[in-house]
Amino acid sequence: MARKEIKRFRTEIRIRGNAVRIARSSKKSMCYDTTRFGCLYVILIAVRSVDRSHESELPMIDEYEAETHSVIGQISPGPRLVVIGSTKFWGADSARICAAIATDLAAIDDLVAVTGGMAGVGLTFGHYFSAARNASGKSEKMFHLLPRGFWPCENGITIGAGVDSHDRREILGRLGQI
C-alpha cells in the first residue's frame, strides 16, 4: 500500500522520568510533572494519509476496521491527537493540568483532537480545547467517540462508534497509524 506523509506540525512532546515537555517552534515550551497528573494520559498519534488507489487489492477487514474507516470519514483531515484518560481526576490539580495541556495543544492549526467522550479527562480536555479554538477563531476539530445511542457531548462533534464501551475503545485505539 503506497503511503505519503502529510504536512508535519512543529510540536515536540518529550517524556523523561516524571516530566512531560511540550515544545512548539516560536513558542515557549511547557513542562508538566506527570506525578501530579493522576490518571491523565495523552497520546499523540500522527496519522499519515493513505493512497487508496489500490483499495481493491486490500484484504478483507474485520468489523472494527470497517467501523474505524467509517469514523475516519466523519473526522476532519489532519494529524489526530487521541486523548485517553480516567473518568475521575485523582490529583488535586489534575483537572487544571488537563485544561492547560488542551489549551496549549489547541494552538496547533492542523491538529484534530479525539476523545472517548466520557466525563473526566475526555470532556475536560474537549471543553478547553474547543474553547481555545473558538476564542482564536480556528475550526474546532474536536471529536468525541461514544457508543451509538449516547447523548451528544456539549462541545465538538459526537460520533457514534460501536454498540458499547468495549467496541468504542477498540475503534478509538485504531484511529491512527503510527
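Anything mentioned here points back to the structure above.
Report on the accompanying structure. (Residues numbered from 1 in each chain as written. Predicted model: local features only at pLDDT ≥ 70, side-chain atom pairs only at ≥ 80, totals over all residues. Heavy atoms only, no water.)

### Notes on the nonpolar core
Step number 1: Judged by nonpolar contacts, the single largest core of 16 residues is most densely connected at Leu81, Leu105, Leu111, Phe125 and Phe129.
Step number 2: Every element with two or more residues in this core is listed here: strand 7 (80–85), helix 2 (94–105) and helix 3 (121–135).
Step number 3: Counting residues in hydrophobic clusters, the runner-up holds 13 residues, among them Tyr64, Val82, Leu145 and Ile171. (Core = buried A, V, L, I, M, F, W, Y, C linked by side-chain atoms within 4.5 Å. Buried < 20%, exposed > 50% of the residue type's maximum accessible area, 1.4 Å probe, protein only. Helix = DSSP H or I, 4+ residues; strand = E, 2+ residues; numbered from the N terminus.)

### So, the environment of Tyr64
Step number 1: For Tyr64, the location among the structural elements is in helix 1 (residues 63–74).
Step number 2: When the C-alpha atoms of Tyr64 and Arg168 are compared, they prove to be 9.2 Å apart, with 104 residues separating the residues in sequence.
Step number 3: Each residue touching Tyr64, except ones within four places of it in the same chain, is listed here: His166, Asp167, Glu170, Ile171 and Arg174. (Contact = heavy atoms within 4.5 Å.)

### Things to note about the pairing of strand 7
Step number 1: Two strands pair when backbone bridges link them, and strand 7 and strand 8 (residues 112–115) are joined in this way by 4 bridges, in the parallel orientation. Note that in strand 8 the partner of Arg80 across the bridge is Val112.
Step number 2: Considered for its hand, the β-α-β crossover made up of strand 7, helix 2 and strand 8 is right-handed. (Pairing = 2+ DSSP bridges. Right-handed = clockwise from strand over helix to strand, strands pointing away.)

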